[in-house]
Amino acid sequence: MAKPGKTSSKTPARTVDVADSYAVRLMQHLVVPTFVIDPRRRVVIWNRACERLTGVAASEVIGTNKHWQAFYETKRPCLADLVALDRPEQLPEFYSEYAARGHNGLGFSAENWCVMPKLGSQLYLAIDAGPIHDEAGHLIAVVETLRDLTDQKRAEMALKELATKDGLTGLSNRRAFDQMLMSEWARAQRTQKPMALLFVDVDHFKLFNDRHGHQSGDECLRAVADVVSRHAVRPLDLASRYGGEEFALILPDMDCDSACAVAEEIRTAVMALRIAHGAAGAGDHVTLSVGVASHIPAEADGNPDRLLGAADEALYAAKRLGRNRIICAERLLAEFAGLGRDSAPVPGRRARKSA
């Protein structure tokens, strides 16, 4: 047993009886959802506002380490746990938005979506967790407070979607394309993996509009957009409306052969729709021309303009060679040579530039 005036090597000399303190009674009536855990990460306070927010009664969690069950379906640490364990390095693993405020007793702040199993609906919570120490500097508790920001977050997401979605087709717009292109280009430089880009153009679209009208033109673009979007299947793939009747598909970690296979699937899927065209100079049905390029960025490649230019040249070649076809930038000269046109260079279009 420790002598008076000295501190035990295992536990602080002075302990706090939180169960009967005035501070506990005050905390129970706070309008801010709050819970408190002890150094062993057992819940000692779960106030009424926290009960209302989570749907979990205090009796279900007091004295246990099961507070995570109020917020998540699978076991993981809450922010208060990371404070108690003093593990700021784990914040990025569990919280997409966070702030580590150092080891000076100020704790951590974070935001994330919580599944709220008892409520059956997700909430976006802003979370603050801070430690409480005794005079000797020993941790005696961690306090976590919660704020429901779900409505604000959903409004923010809706505004962001309006800013990045094409109103006609629902695909990502040019702004979102430019942003994703730059970020994936930078990632490809770091990983030294290929990045593929498809430019997809509806053949003779002006003639289609002239023959069938702009309303039918819009319906045609939506149908093509649906096909293109179905081929952006991986988390980092991005299908976008580049402008007018032209679409773009960013395919990270993909070489030219694989990208050409995707392009051919898109081309044949649109042909299978059998959208009537019939204008003079066009075929019976709507078709696509697709330019494909893939590149592993070198350190000297400061931006993706080379990739943009290669895909654009391939698309232009596909149109010059008769439309309704796929052209890969890596095989561009071979395609022309095979048709006896190797002496005639592909005329340059206005160069596309990254944002």
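Everything discussed here concerns the structure shown above.
Residues numbered from 1 in each chain as written. Predicted model: local features only at pLDDT ≥ 70, side-chain atom pairs only at ≥ 80, totals over all residues. Heavy atoms only, no water.

Colleague: Kindly report on the overall build of the chain, identifying the contributing residues and their values.
Modeller: Broken down by element type, the chain carries 12 helices and 11 strands. The 355 residues of the chain split such that 43% are buried. A separation threshold of at least 6 residues defines the contact pool for the chain, and within that pool the share at least 24 residues apart is 57%. Summed over all atoms, the accessible surface of the chain reaches about 18,800 Å², with 51% contributed by carbon and sulfur. (Helix = DSSP H or I, 4+ residues; strand = E, 2+ residues; numbered from the N terminus. Buried < 20%, exposed > 50% of the residue type's maximum accessible area, 1.4 Å probe, protein only. Contact = heavy atoms within 4.5 Å. Areas by Shrake-Rupley, 256 points an atom, 1.4 Å probe, with all protein chains shown as cover.)

Colleague: Describe in detail the packing of helix H8 (residues 205-212) against helix H9 (residues 214-229), supporting the description with residues and values.
Modeller: Following both chains from N to C, one finds H8 and H9 inclined at 135°, their axes separated by 7 Å at the closest point. As judged from the angle between their axes, H8 and H9 are oblique. Contact residues: Phe205, Phe208, Asn209 and His212 in H8; His214, Ser216, Gly217, Cys220 and Leu221 in H9. Class assignment for the residues of the contact of H8 with H9 results in 4 nonpolar, 5 polar and no charged. (Axes fitted to C-alpha atoms, helices over the stretch in contact; angles between N-to-C directions. Parallel < 35°, antiparallel > 145°, perpendicular 65-115°, else oblique. Nonpolar A, V, L, I, M, F, W, Y, C, P; charged D, E, K, R; others polar.)

Colleague: Account for the pattern of salt bridges, naming residues and giving values.
Modeller: Tallied over the entire structure, the rule returns 16 salt bridges. Three or more residues joined by partner-sharing salt bridges are found here, namely Glu97, Lys153 and Glu156. (Salt bridge = Lys/Arg side-chain N within 4 Å of Asp/Glu carboxyl O.)

Colleague: Requested: an account of the side chain of arginine 267, with residues and values cited.
Modeller: Of note, arginine 267 is situated in helix H10 (residues 256-273). Accessibility expressed as a relative area gives 12% for arginine 267, which makes it buried. Polar contacts involving the side chain of arginine 267 include one to the side chain of glutamate 264, which spans 2.7 Å. Side-chain polar atoms of arginine 267 contact the side chain of asparagine 324, separated by 2.8 Å. Discounting residues that sit within four places of it in the chain, arginine 267 has contacts with Leu288, Asn324, Arg325 and Ile326. (Polar contact = N/O pair within 3.5 Å; in protein donor to acceptor, adjacent residues only side chain to side chain.)

Colleague: Explain the packing of aromatic side chains to me, using residue names and the numbers behind them.
Modeller: Tallied over the full model, the rule gives 8 aromatic pairs. Here tryptophan 113 and tyrosine 124 contribute two aromatic rings whose centre-to-centre distance is 5.2 Å and whose plane-to-plane angle is 65°, an arrangement assigned as edge-to-face. Separated by 11 residues along the polypeptide, tryptophan 113 in strand S4 (residues 108-114) and tyrosine 124 in strand S5 (residues 123-133) bring together distant segments of the chain. With a relative accessible area of 27%, tryptophan 113 lands in the partly exposed category. Seen from their ring centres, phenylalanine 205 and phenylalanine 208 are 6.1 Å apart, and the 10° between their planes marks the pair as stacked. With phenylalanine 205 and phenylalanine 208 both in helix H8 and 3 residues apart, the pair spans about one turn of that helix. (Phe/Tyr/Trp six-rings, centres within 6.5 Å; stacked < 30°, edge-to-face > 60°.)

Colleague: Any chance you could break down the sheet that holds strand S11 (residues 326-328) for me, citing the residues and the numbers?
Modeller: Remark on secondary structure: sheet strands pair via backbone hydrogen bonds, oriented parallel or antiparallel. On the basis of which strands lie adjacent, the open sheet formed by 5 strands has the order S8-S9-S7-S10-S11 and mixed pairing. What marks the edges here is a single partner per strand, and that holds for strand S8 (238-243) and S11. Strand after strand, the sheet turns through a mean of 20° between neighbouring axes, direction not considered. In this sheet, strand S9 (residues 246-252) lies alongside strand S7 (residues 195-202) in antiparallel orientation, the contact comprising 7 bridges. In the strand pairing of S9, leucine 198 is matched with leucine 249. Where H10 meets the sheet, its contacts fall on S7, S9, strand S10 (288-295) and S11, and the angle it forms with S10 comes to roughly 165°. (Pairing = 2+ DSSP bridges.)

Colleague: Outline the nonpolar core, listing residues and values.
Modeller: With 33 residues, the main nonpolar core has Leu198, Val202, Phe247 and Val292 as its most contacted residues. Core analysis: the second largest hydrophobic core is formed by 31 residues, Val56, Leu82, Cys114 and Met116 among them. (Core = buried A, V, L, I, M, F, W, Y, C linked by side-chain atoms within 4.5 Å.)

Colleague: Which residues make up unusual backbone geometry, and what values do they have?
Modeller: Positive phi values are uncommon outside glycine, yet arginine 41 reaches one of about 65°. Of note, arginine 41 is situated in the loop between strand S1 (34-37) and strand S2 (43-46). The exposure class assigned to arginine 41 is partly exposed, which follows from its relative accessible area of 30%. With phi around 65°, arginine 323 is a residue other than glycine that occupies positive phi space. If you trace the backbone, arginine 323 turns up in the loop between helix H11 (305-320) and S11.

Colleague: Just give me the short version of the packing of H9 against H10, but keep the residues and values in it.
Modeller: In the contact formed by H9 and H10, the axes pass within 10 Å of each other and the chain directions differ by 140°. Classified by chirality, the crossing of H10 by H9 is right-handed. Facing H9, whose interface residues are Ala223, Val224, Val227 and Val228, H10 presents Ile266, Ala269, Val270 and Leu273. Looking at the contact of H9 with H10 residue by residue, the classes come out as 8 nonpolar, no polar and no charged. (Left-handed = near helix turned anticlockwise from the far one by under 90°.)

Colleague: Could you give me a rundown of the pairing of S8, with the residues and numbers involved?
Modeller: Among the 6 residues of S8, 5 are classified as buried, and the element is accordingly described as predominantly covered. For S8 and S9, the ladder comprises 5 bridges, and the chain directions are antiparallel. Counterpart to leucine 238 in the pairing with S9 is isoleucine 250.

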